[in-house]
Amino acid sequence: MSIKLGKTKNWGSRTGKSTPSVKNAEISTLDLLKAAGLSTELLQSLVENSEIAQSAFSKILTDREVLNNENSSPVKKYFSTDMGVLYEGNCFTVLSNMDDNSLDCIFADPPFNLSKEYNNGLQDKMSDMDYLDWSRAWIDLCIQKLKPGGAFFLYNIPKWNISLAPYMDKKLSFRHWITVDMTFSMPIPSKLYPSHYSLLYFTKGDKPNHFTPPRIPIKTCVKCGKEQNDYGGYKNKMNPAGINIRDVWSDIPPVRHNKYKNRDANELSIKLLDRVLDIATKEGDLVFDPFGGSGTTYIVAEMKGRRWIGSELGDCSPIKERFDRIKEEQERLIEMRKEINTLFTDKALRLRVKSGVGLKHYNIPEEQIERVFGKDSPLILSESGLH
Ligand SMILES: C[S@@+](CC[C@H](N)C(=O)[O-])C[C@H]1O[C@@H](n2cnc3c(N)ncnc32)[C@H](O)[C@@H]1O
């Protein structure tokens, strides 16, 4: 077993049966709240309103400096914000200290067991059987901690998700196998060139608590802004807020540019997390990512007003440093979000007008025309529509 998960086959708490989690220790949430020094008045309202009790519980978790699990070493709080907390250590310990049914959304991007160098002493090479056993163990714990109606996203390579999807399907409701189109490795002799990741999307129970996918712009030529696909003849009937998002995502950029890279490998684009959290959460929801890496999930959750809990077994300093530079991340997110819920990006509109493709027949909101071409643009004044 190469990723440092504890001793052989001891993933932390596989079943959660013998761990000192709040439930298993048979300490009621109320006792904990009392111990935390909450007023009788507040306690009364907590008892009456289990929703509030739930969020108060996660507050107690976020207030704890050390988490314990008898099967693996204690985990220390690394830093916290008003919205979340990062623990340095094994996700099994963090999970086993959570209340059951307390998470609104889980996003997990585990190591892919591809012998990758993590530069933190972790080795990423188990036998296939061990890797799948380990994956099922943390998946089981996650399912236990997910609220009914909560969403569970698992990002991995198809080789693993083809086995893990049927496993999750026995316990959760399948919603999508999302293909994230991206070249991710060297060509492999005698195989096709691998160029997509699989993003599994399940919910606990049939009915998702939240499902609000963003709409996306029409795909256009980078040189002239012309449509790349034929969307049918009725341009004026197209929703000005954009087209429906499909289950093939080919607009997620890899994080390559050094300026945006927060550590050596594996950082996901904030665009991916922004989309996932848009789809499955609302403000104030509690998001958990067991595998911190560079902290993409946490920083996006923070910027979007979602509460979050994280764990990272290796070096947590890149995550903290990233939070110290949250302003830069915010600027990037704002730029990226200009490209959702619109039929054309501002850039595509500019290109279309410049190259003579025009905007005729499309319904483009006046505010966007004004923003891109100015208040006095003839495109606004033209009665015969846009051209
Ligand atoms: C693929 S990376 C995650 C990248 C992350 N999604 C991002 O955008 O930066 C997986 C991370 O999981 C961490 N890890 C591996 N086993 C772990 C465990 N049992 N508990 C917590 N973290 C673990 C590794 O150190 C690695 O940083």
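Residues numbered from 1 in each chain as written. Predicted model: local features only at pLDDT ≥ 70, side-chain atom pairs only at ≥ 80, totals over all residues.

## Let's talk about the overall build of the chain
Here comes step 1: Across its full length, the chain carries 13 helices and ten strands.
Here comes step 2: Among the 387 residues that make up the chain, the fraction classed as buried is 34%.
Here comes step 3: Sequence-distant contacts in the chain: of pairs separated by 6 or more residues, those separated by 24 or more amount to 69%. (Helix = DSSP H or I, 4+ residues; strand = E, 2+ residues; numbered from the N terminus. Buried ≥ 20, exposed ≤ 12 C-beta atoms within 10 Å, placed from the backbone. Contact = placed C-beta atoms within 7 Å.)

## A few points about the packing of helix H7 (residues 270-280) against helix H10 (residues 326-337)
What describes two packed helices is the angle between their axes and the distance between those same axes.
Here comes step 1: Interhelical geometry of H7 versus H10 gives an angle of 65° and a closest axis separation of 10 Å. Comparing the axis directions of H7 and H10 gives the class roughly perpendicular. Here the hand of the crossing between H7 and H10 comes out right-handed. Judged by residue contacts, Ile270, Lys271 and Asp274 of H7 engage Glu329, Arg332, Leu333, Met336 and Arg337 from H10. (Axes fitted to C-alpha atoms, helices over the stretch in contact; angles between N-to-C directions. Parallel < 35°, antiparallel > 145°, perpendicular 65-115°, else oblique. Left-handed = near helix turned anticlockwise from the far one by under 90°.)

## Some words on the sheet that holds strand E10 (residues 307-312)
Two modes of strand pairing occur in sheets, parallel and antiparallel, and in both the strands are linked by backbone hydrogen bonds.
Here comes step 1: Read across the open sheet, the ten strands follow the order E1-E2-E3-E10-E9-E4-E5-E7-E6-E8; overall the sheet is mixed. In this open sheet, the two strands that pair with only one neighbour each are strand E1 (66-69) and strand E8 (248-249).
Here comes step 2: Along the sheet face, helix H8 (residues 296-303) touches strand E3 (84-88), strand E4 (103-108), strand E9 (286-289) and E10 and points at about 165° away from the line of E10. (Pairing = 2+ DSSP bridges.)

## A short note on unusual backbone geometry
Here comes step 1: Non-glycine residue Ser190 carries a positive phi angle of around 65°.
Here comes step 2: Here Ser190 is to be found in the loop between strand E6 (173-181) and strand E7 (196-203).
Here comes step 3: Of note in this structure, His361 is not a glycine but carries a positive phi near 80°.
Here comes step 4: Considering the arrangement of structural elements, one finds His361 in the loop between helix H11 (346-355) and helix H12 (366-373).
Here comes step 5: The exposure class assigned to His361 is partly exposed, which follows from the 14 C-beta atoms found within 10 Å.

## Notes on the confidence of the model for the chain
Low-pLDDT stretches of the model should not have their predicted coordinates read in fine detail.
Here comes step 1: The predicted model of the chain has a mean per-residue pLDDT of 83, with 77% of residues at 70 or higher.
Here comes step 2: Note on residues 1-8: pLDDT is under 50 here. Beyond four places in sequence and across chains, it has 23 contacts.
Here comes step 3: Low pLDDT, under 50, characterises residues 13-30; the stretch is placed with 34 contacts to residues that sit more than four places away or in other chains. (pLDDT = per-residue confidence, 0-100.)

## So, the nonpolar core
Here comes step 1: The biggest cluster of nonpolar side chains holds 55 residues, and the ones touching the most others in it are Ile106, Phe152 and Phe153.
Here comes step 2: No other element matches H7, which puts seven residues into this core.
Here comes step 3: Beyond its immediate chain neighbours, meaning those up to four positions away, Ile106 contacts Cys142, Leu146, Phe152, Phe153 and Phe288. (Core = buried A, V, L, I, M, F, W, Y, C linked by C-beta atoms within 7 Å.)

## Structural notes on the pairing of E9
Here comes step 1: Residues Leu286 and Phe288 point to one face of E9 and Val287 and Asp289 to the other, with burial holding for every one of them.
Here comes step 2: For E4 and E9, the ladder comprises two bridges, and the chain directions are parallel. Paired with Cys105 across the two strands is Val287, which belongs to E9.
Here comes step 3: Direction of pairing for E9 relative to E10: parallel, over a ladder of four bridges. The residue bridging Asp289 from the neighbouring strand is Gly310, located in E10.
Here comes step 4: In this region the chain leaves E9, passes through H8 and returns to the parallel neighbour E10; the handedness of that crossover is right-handed. (Right-handed = clockwise from strand over helix to strand, strands pointing away.)

## Focus: the pairing of strand E5 (residues 146-156)
Here comes step 1: Here E5 lies mainly inside the structure; eight of its eleven residues are buried.
Here comes step 2: Where E4 lies against E5, five bridges are found, and the strand directions are parallel. Opposite Cys105, over in E5, you have Ala151 as the bridge partner.
Here comes step 3: Relative to E7, E5 runs antiparallel, the two being bridged by six bridges. Across the sheet, the residue bridging to Phe153 is Tyr201, located in E7.

## So, the environment of Lys320
Here comes step 1: Within the secondary structure, Lys320 sits in helix H9 (residues 317-324).
Here comes step 2: A tally of 13 C-beta atoms within 10 Å means that Lys320 is categorised as partly exposed.
Here comes step 3: Considering only alpha carbons, one finds Lys320 and Leu86, 234 residues apart in sequence, at a separation of 9.0 Å.
Here comes step 4: In contact with Lys320, other than residues within four places in its own chain, are Tyr78 and Phe79.

## Focus on H7
Here comes step 1: Within H7, ten of the eleven residues are buried, leaving the element largely enclosed by the surrounding structure.
Here comes step 2: All of the buried residues in H7 are Ile270, Lys271, Leu272, Leu273, Asp274, Arg275, Val276, Leu277, Ile279 and Ala280.

## Describing the environment of Thr179
Here comes step 1: With respect to the helices, strands and loops of the structure, Thr179 is situated in strand E6.
Here comes step 2: Between the C-alpha atom of Thr179 and that of Arg246, which follows or precedes it by 67 residues, the distance is 9.4 Å.
Here comes step 3: Leave out the neighbours within four places in its chain, and Thr179 touches His196, Ser198, Asp247, Val248 and Trp249.

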